[in-house]
Structures are given as structure tokens and as C-alpha cells.
Amino acid sequence: MHGFLRGAHDAPPASLRALIGAHDWRESPLGHPDDWPPQLATAVAMALDSALPMFIAWGSDLRMLYNDAYVAMLGERHPAALGEPFQRVWSDAWPQLVPIIDRALSGKRVHFADLEIPIVRDGATQPAYFTFSYSPLHDGAGRVAGMYCTAVETTERLRAERRSALELKLSDALRPLHLPSEVLATASALLGEELRLARVLYGEVEEDGAVFTVASQWLREGMEGLSQARYRLDDFGPGIGAALRAGELVVIEDILHDPRTASWPGRYTREAIGSVVTVPLVRAGRLSAFLSINRNEPYRWNDDELRFTRDTAERTWTALDGARTQAALRAERDRSRTIFDTIGEGFGLLDRDWKLLQMNAEGLRICHLTIDQVIGRDHWELFPEVEGTDTGAMLHRVMAERRAGQIEYQLAPVGGRSGWTEIRAFPVQDGGIAIFFRDITDRKAVEEKLKAADQRKDEFLAMLAHELRNPLAPIKSAAMLLDMGMLNETRVRQSSAIIGRQVKHMTRLVDDLLDVSRVTRGLIVLDKAVLDVRAIVDEAVEQVRPLLLARRQALGVHLPVVPLSVEGDRARLVQVLANLLNNAVKYTPEECAIDIEVRHQDGMLELAVCDEGIGMEPELTERAFDLFAQAKRSSDRSQGGLGLGLALVRNLVELHGGTVGCASPGPGRGSTFTVRLPLVAPAAPVEPLAADKAVSGGRLKVMVVDDNVDAAETLSMLLDAAGHEVEVEHDSRRALERARTAPPDVFLLDIGLPEIDGNELARRLHAQPETAGSVLIAVSGYGQEQDKRAAREAGFRHHLVKPVDFDQLAELLAGVHGALA
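The present account deals with the structure reproduced in this document. Predicted model only: the values in this text are computed from it and were never measured. (Residues numbered from 1 in each chain as written. Predicted model: local features only at pLDDT ≥ 70, side-chain atom pairs only at ≥ 80, totals over all residues. Heavy atoms only, no water.)

## So, the overall build of the protein
So the rule is basically this: Counting from the N terminus, the helices are the DSSP runs of H or I reaching at least four residues and the strands are the DSSP runs of E reaching at least two. In short, Shrake-Rupley with a 1.4 Å probe defines the accessible areas, and a residue's cover is counted only from the protein chains shown.
Scanning the protein from terminus to terminus reveals 27 helices and 28 strands. Accessible area for the protein stands at about 41800 Å²; split by element, carbon and sulfur atoms hold 53% of it.

This is the structure:
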């Protein structure tokens, strides 16, 4: 048994492998497959294993063997075609294929692309298109014993391309037309010529819906027009009229045999109609018009022809509506010409030779001209600076194509004229054009300012929102460690320090977000200091470490032995490195490596982040730092992000006087991002302030009033740890009552309290004798200057912005104790 038949019994019953194995070959000249020549068996095996449509024709009468993919091309000829002569299987295409087959059987390979071959399908001959190649097959003696064919039917693709081309051709033909008669004539001619019709008719139906008038008809050469100008719809059969009134497409393939028309043969015979398609136009429930095509003889209309006819009808009606509307507008505009002298924009009228016939007072003012300088002059002589510009091209286009146009034009200072002008041009009946124009210089200036301000604000807000999440990862991890309750003092201090640093970082970002007024002026102020590069790296790594652990990625940090320093904003530079690391983590597979390399060269710091991630195409590396630029990550965008991170990196690095670049060997081969910053001499070391020295001074009695329970409790614990006696209240009225019985030395009041806000509570505390001498400190999320001013007016001595800097608070309390002592 030949190899290609092994497993035939286990193959699906409908597969060709199974059919060949089950076929009765006793009467076939090919004989049983076990006896087939090795050359034939090998070719059949290759075909059966191929996903492309293939067949083999073998022997003197070219017996056909084919694969599963070829079945769709055979259609109803399968399975009877198996083992049959090629001529019998493809008898309809045989006359056209004989020369091609003879060439293949002479030992030459033949290839055709999109060859049209009429074939019989569904009982009718239809054009079909194929791309195929015939190759000779040799027997063991080297003689040509058959041929091997790979074929693909391209009918649907070519039909789709033809439909698109026809739709485009129709649109282009109708676009410049402005008269209804031109629209009808052009659309009918294109439809008739493309479909090789005998007649294309456009009928307009009268109000009663019973009678139609022939508004336009296209005729094939030698074809006579309809015998009448008006008809009753029912003259062509009541079923036809009823269908059109219902808005139904009417398709008749044979007038004499269709039940809707067979009883009215005389009318159709007189008008030489053998087959017809009619598309109705129903508006407001009434049949108002129709487009009808016909042939002299019976004809089977295909889907492409029906689709193109419907599309032509719809586009024709749309173009007719537009042409009629434009005609009405032009007539009205011509009747109202005198009105233009009183309108608040410039108006000029040009004839077909570009001679100025009219210009109103506002137009003369805008152009700094008099009526004598304008009338009868050539437009291009008066305004030579417009020629060769987009505005000039628009005016030429309106004049030539008879389509309205509009443009905004920036005029260089010429003859006292400058600034921006909005220009609208319309074709008029006499072949010229009418031009409306107005000075929009002031509007454009305002728009540009607003656009620039909005863009700066939106970019800044988007970047900050993108970055707010970065510090949350180490905060969450440290909080979870503290919640476990099994840490030694060193670990507790480390976790507390992490939370403190990240809260400060988030506070900086929130402060920038709230201070939008600086952004609208294009200002981002850096809090510069001399910084140790190692500290920047450590803090950035700290931010991304939870992500690294989650993805089981290895991070290598390579620092030089010599300490390096740069001058910059610590939070911003940490932000830069954290962003680059976040990108590397996101787009590097799990359990791969990421490296940070720190070098110095020619007085510059080079900080590189190298990953083994998805890499980039060369064109993406050139725009990787543009706002919103991203590679195509995955179809579900599981990595998220708006492409802000690298744009933020570039902006911040450039603010520090540095540069940033990226390189990648290509997709799947990783990326390297390198930041270059100027090096500076290291700052003198500063002895860090020990945690137990943060508060100096004696014990105070403090009341914290905040409706946020967590905020109040954590602040209370800090104050208690610093040695103060602390009371906590979440309600303003209870705070007033409790303070009367045991007045505190200091009040820490939230401003955004419900019912009685912090400012009103401060006024009441000052008003009651027991607490009039207490020190009031505002603790608020509102940090604008007007907020601080309102707090001072309410009686607060100090104003702190949430989250509170506890070192600052400790200094304030120490000062209060000193004043009380």
C-alpha cells in the first residue's frame, strides 16, 4: 500500500484520502492505487498533504485526482470527478484550457494569474477567475505522463475590487455635477456601459402613485427609446406596481415566464424588454421615483450587478438632492445680491475669467481697497500673493470643478494687509464664483493661546496621573510587612523609612497636580540639590522591586567604585529611572534579566537600563520618546499605559540639562535606554537626624479633630510616640464640648469637616473662654494661597498640608511648648 493511503480507513469519510481508498478502481485505466507508478503516487501524496487546492491529471485521457482543498472549486462536480477524464469534468472550460494543457504536456510549466474562464454553476454559465500553474509530470521513463496543478479561484477578490473601482468611478463622476440633468445623464450612462445594458430609465412618480413620467433614459447604441413619456405603473403588471410602492427591489429574469409579468407580454414586447431590475425610491411612505435597467433578452442578474444598481440609484438620488438644493440656493443668492452690501463679512463676485464684478463695503475695508481699484480688475493681479498657495488652489478648484470650498488663509504683510482670513467660495450660475471672506486674526490668536495652554495643562495632568501609582507598590509592601507583626526593630525602621520616602514623593506629585496655574504658564520648577547617584538608583529600584518579584525577574545593578554626583531634583530623577525600570519590567518576559549600568565619561553620567524584552523596530526607537508613542504590544493591551512614561522621562532629563536615547537590535532582542546627565562634585556629607531627635521640647496636651478616622488615628499615634497627651474627635460639636471641660494646649483641625468646617470651628474655639488661648494648627488637603489666607483669618496660627511632614509639626509643637514654659 502506498504511503498516502495509510490511515485511509481512519480518515474522515468525506476526505479525499478516504474516498480514494474506498473508490472502485477496477474499471479505471489508472488501476488500483497500490499499482500506481511511484511518480503518480508521490504527486498524489503531496497534493493530499497540501492545504492549497491541487489536482493531478494522469494518463492519456488525463484522469483527475485531487485534494480536499480542491473540492470547493469543483462544487457540484465532486465527488463524481474523482478518477474521471479532465475533459469530462471541466467540459464547459475545456475549449479555453486545451492550448494551456497542450503546453504543459509538451514539458513546459504554465502559469496564469486571474484568468477568466466561463464555467457552469447553478445551471448557468458564469464568468469565473483563477490563478493557477500547470506543471508536467514524468513517468519512470522520463516521458510526460500527466500534469500537476495548483489553483486558486480569485473570482470573489476580483469582483470586490471591481465593485470598489466602480463605486469610486461613480462617486468621482457625480461629485463635480451641479445640474440635476447632468447627474441623471452621467449616472445612467455609467451604469448602462458598465453592465452592458439596453436601457437605463429614471422615472418620477406622480402624487397619486399610479402614474410615472420618464425623466431620463440612457440607450445603448441602436436601441430605441420608450414609446411614451407617461405610463401607468399597472400597465407593466399590478404586481410590479405593488412591489415598488412597498419599497421592494423588483428583479425579473425572464419577462415571459415570471408570474408577475407573464400576463402582460404585449407591453414588454413593444418596449423591447426581456429582463428588468427596478430600484424604488420611497420617501415619507410614498413611491416618488425609481431607477430601472433592462436587457432585450432574458438574463440572470448576479449579486454584483444588483448591488451596483442599488448603489448607483442611492448615489444618484443623493446627488440629485444636492444638485437641486444647490440650484435653489444659487437662485436665492442671485435674487438677494443686494443684501451682501449690508452683511458683516466681505463678499466678492468673479466671472469665469477671474474678473471682479462686485465687492461689498466690508470686503473693500478688509482688503484696504476702493471700489474703483476693484471692479473690472483681474483677481490674480489684485492679489498676486495668493497664487501658488493652498488658497489659490482652492479657488481654482471651485472654478474648475464647480464645488464649494473653504479655507483659512494666513496672509504675509502685503500692502497693509496681514493676519488670518477665512475664505469660502461657491460656484454661481454664470460660470463664475462668489467669495465670502472675513478677518479672523483675533480669533486665531485667541485659539492658539488656548490651544497651547490646554495642551501644556493636559500633558502635565496626564503625566502626573500616570506617575502617581509608582510609589504605591513599595508603600503597600512595607505596610504588609508591618501588618505581619513579626519584624525586628531594624526591619520596622526600614519599612517606616520606605513609607516615609514614598509618601513624600507622592506629595510632591500631588502638589504639582494641584498647582495647575504653573503649568498653564509653562513652568515646572525643579528643587535642585547635589545628589548621590547611588541613592537615586536605590530609591528607584525600591519602587519597582515588587514588580520584579512578581515576575521573577533578575535585576543587576552595576555601579562604579567611585561615588558619582549630579545636580538635580531627587524626586524627578528617581521618577526618570523608575519609569525606565517600569517599562523594562512590563515588556520583559518573566524570569529574564534587567540590568542597570552606571558609567561616567567626559564629565557626564551615563545611566543605562538594559532589558531582554520585546525590543523595537528601528523606526520606533526614533520616536519612542514622543508623547503617546508605543509599540504594538498585544491585541488586548494587557500592559496598559498611554505612552506617557518615556515622554515624561525625556522632558525631565532635558530640564536637568541632559539627554536620553534608546537602542534595540530589533524585535524580541531587548532594548537599552541611556540617560546622560552632567556630573558635579559631591556635596559635603550631612549627618542624618536620628528619629528620636525629631521632636524636641516638652509634653503638650493636643486634640486632633478629623472626620477621616484613619488619618486622625495615625496622627494621634505619632504624637503619642513623641510624648504628647493626645485626644481625638471626629465631630466638630463634640470637640467643642470636650474642649470646654479639658482645654488642650494645641488643636490640630481638619478644614474639610462636615456640618461645621475647620475654619468655623476655629472661630468658635477662639470665642469660648476656655480655649481662647489655645494654639490652632490647620491640617488640610487644601494648600493654595487663598486657603492659607482663609485659615489665618479664622484664627489659625499655622497651616500644614496633608500628608503632614511630622518633622515640621514637631518643630511647631516644640515652639509652642517653649512659649508656654
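From this point on, the discussion continues.
## Notes on the nonpolar core
Quick reminder of the rule: As used here, the term nonpolar core means buried Ala, Val, Leu, Ile, Met, Phe, Trp, Tyr and Cys residues forming a set that is joined through side-chain atoms within 4.5 Å. Buried, partly exposed and exposed residues are distinguished by accessible area as a fraction of the type maximum, computed with a 1.4 Å probe on protein chains only: under 20%, between the cut-offs, and over 50%, respectively. Contacts were defined at the residue level, with two residues in contact if any of their heavy atoms lie within 4.5 Å.
Residues F55, I56, F86, L97, F132 and Y134 are the most contacted members of the largest nonpolar core, which totals 46 residues. Residues within four places of F55 in sequence aside, it is in contact with M64, L65, Y66, Y70, F86, Y134, M147, Y148 and C149. Counting 39 residues, the second largest nonpolar core, distinct from the first, contains V576, V585, L648 and V660.

## A word on unusual backbone geometry
Geometrically, the link from H78 to P79 is a cis peptide bond, its omega value of 5° lying close to zero. If you trace the backbone, P79 turns up in the loop between α3 (71-74) and α4 (86-89). One non-glycine residue, A272, lies in positive phi territory at about 55°. Here A272 shows up in the loop between α9 (265-270) and β10 (275-283).

## Thoughts on the packing of helix α19 (residues 533-550) against helix α20 (residues 570-586)
Rules: To get an axis, a line is fitted to the C-alpha atoms, and for a helix only the part in contact is used. The angle between two axes follows their N-to-C directions and goes from 0 to 180 degrees. In this scheme the crossing of two helices becomes right-handed for a clockwise turn of the near helix relative to the far one and left-handed for an anticlockwise turn of less than a right angle.
The interhelical angle for the contact between α19 and α20, taken along N-to-C directions, is 35°, at an axis separation of 8 Å. You can see that α19 and α20 cross each other, and the crossing is right-handed. Every residue of α20 that contacts α19 at A535, I536, V537, E539, A540, V541, Q543, V544, L547 and L548 is listed here: R570, L573, V574, L577, A578, L581, N582 and V585.

## Quick notes on the packing of aromatic side chains
Rules: Under the pairing criterion, centres of Phe, Tyr and Trp rings, with the six-membered ring standing for Trp, must be within 6.5 Å; the plane angle then separates stacked pairs below 30 degrees from edge-to-face pairs above 60, leaving the rest tilted. Think of it as a cone above the ring: NZ of Lys or CZ of Arg counts as a charge over the ring if it is within 6 Å of the ring centre and within 35 degrees of the ring normal.
The full count for this structure, using the stated rule, is 17 aromatic pairs. Here the aromatic rings of F212 and Y231 are separated by 5.5 Å at their centres, their planes lie at 20°, and the arrangement is stacked. With a gap of 19 residues between them, F212 in strand β7 (residues 211-219) and Y231 in strand β8 (residues 230-232) connect regions that are remote in the sequence. For the pair shown, F212 and Y231 are each scored as buried. Pairwise contacts between aromatic rings join F55, Y66, Y70, F86, W94, F112, F132 and Y134 into one cluster. The side chain of R295 reaches across the aromatic face of Y299, ending 3.9 Å from its centre. Over the ring of W420 we find K444; its NZ or CZ atom is 4.5 Å from the centre of that ring.

## Digging into the side chain of S774
Counted only if it meets this: As used in this structure description, the phrase polar contact means that two N or O atoms lie within 3.5 Å; if the pair is within protein, one of them must be able to donate a hydrogen and the other to accept it, and residues adjacent in sequence are counted only when both atoms belong to side chains.
Looking at where S774 falls in the secondary structure, it is placed in the loop between α25 (758-767) and β27 (775-780). One polar contact links the side chain of S774 to the main-chain carbonyl oxygen of P744, over a distance of 2.8 Å. Every residue in contact with S774, bar those within four places of it in the chain, is listed here: P744, D745, F747 and H766.

## Section: the sheet that holds strand β2 (residues 63-66)
Test applied: Each pair of strands is called paired provided DSSP finds at least two bridges between the two strands.
The strand order across the open sheet built from five strands is β2-β1-β5-β4-β3, with neighbouring strands paired in antiparallel fashion. Edge positions in the sheet fall to β2 and β3 (110-121), since each of these pairs with one other strand and no more. On average, adjacent strands in this sheet sit at an angle of 35° to one another, irrespective of strand direction. Two strands pair when backbone bridges link them, and strand β1 (residues 54-58) and β2 are joined in this way by four bridges, in the antiparallel orientation. Across the sheet, F55 pairs through a bridge with Y66, a residue of β2.

## Some remarks on helix α23 (residues 709-721)
Test applied: Helix span is expected to be 1.5 Å times the residue number reduced by one. Here, the arc refers to the directions that run from the helix axis to the C-beta atoms.
For α23, with 13 residues, the first-to-last C-alpha span of 18 Å sits near the 18 Å given by 1.5 Å per residue. Taken together, the buried positions of α23 are A712, L715, S716 and L719. For α23, the angular spread of buried residues about the axis comes to 105°, placing them on one side. Turned more than 90 degrees away from the buried face of α23 sit D710, M717 and A721, all of them exposed. Its buried side turned inward, α23 meets β24 (701-705), β25 (725-729), β26 (746-750) and α27 (806-820). Backbone geometry just after α23 places G723 at a positive phi near 100°.

## Here we look at the pattern of salt bridges
The criterion, for reference: Any carboxyl oxygen of Asp or Glu that lies within 4 Å of a side-chain nitrogen of Lys or Arg is treated as forming a salt bridge with it.
Tallying each qualifying case throughout the model produces 42 salt bridges. The salt bridge partner of R267 is E271, with a shortest N-O separation of 3.3 Å. The pair R267 / E271 is uniform in exposure class, with both members buried. Connected via shared salt-bridge partners are E156, R159, D304 and R307.

## Describing the sheet that holds β26
Strand order in this open sheet of five strands is β25-β24-β26-β27-β28, and the pairing throughout is parallel. The strands lining the two open edges of the sheet, one partner per strand, are β25 and β28 (798-801). If you compare each strand with its neighbour and ignore which way they point, the axes differ by 20° on average. In terms of strand pairing, β26 meets β27 through five bridges, oriented parallel. Note that in β27 the partner of V746 across the bridge is V775.

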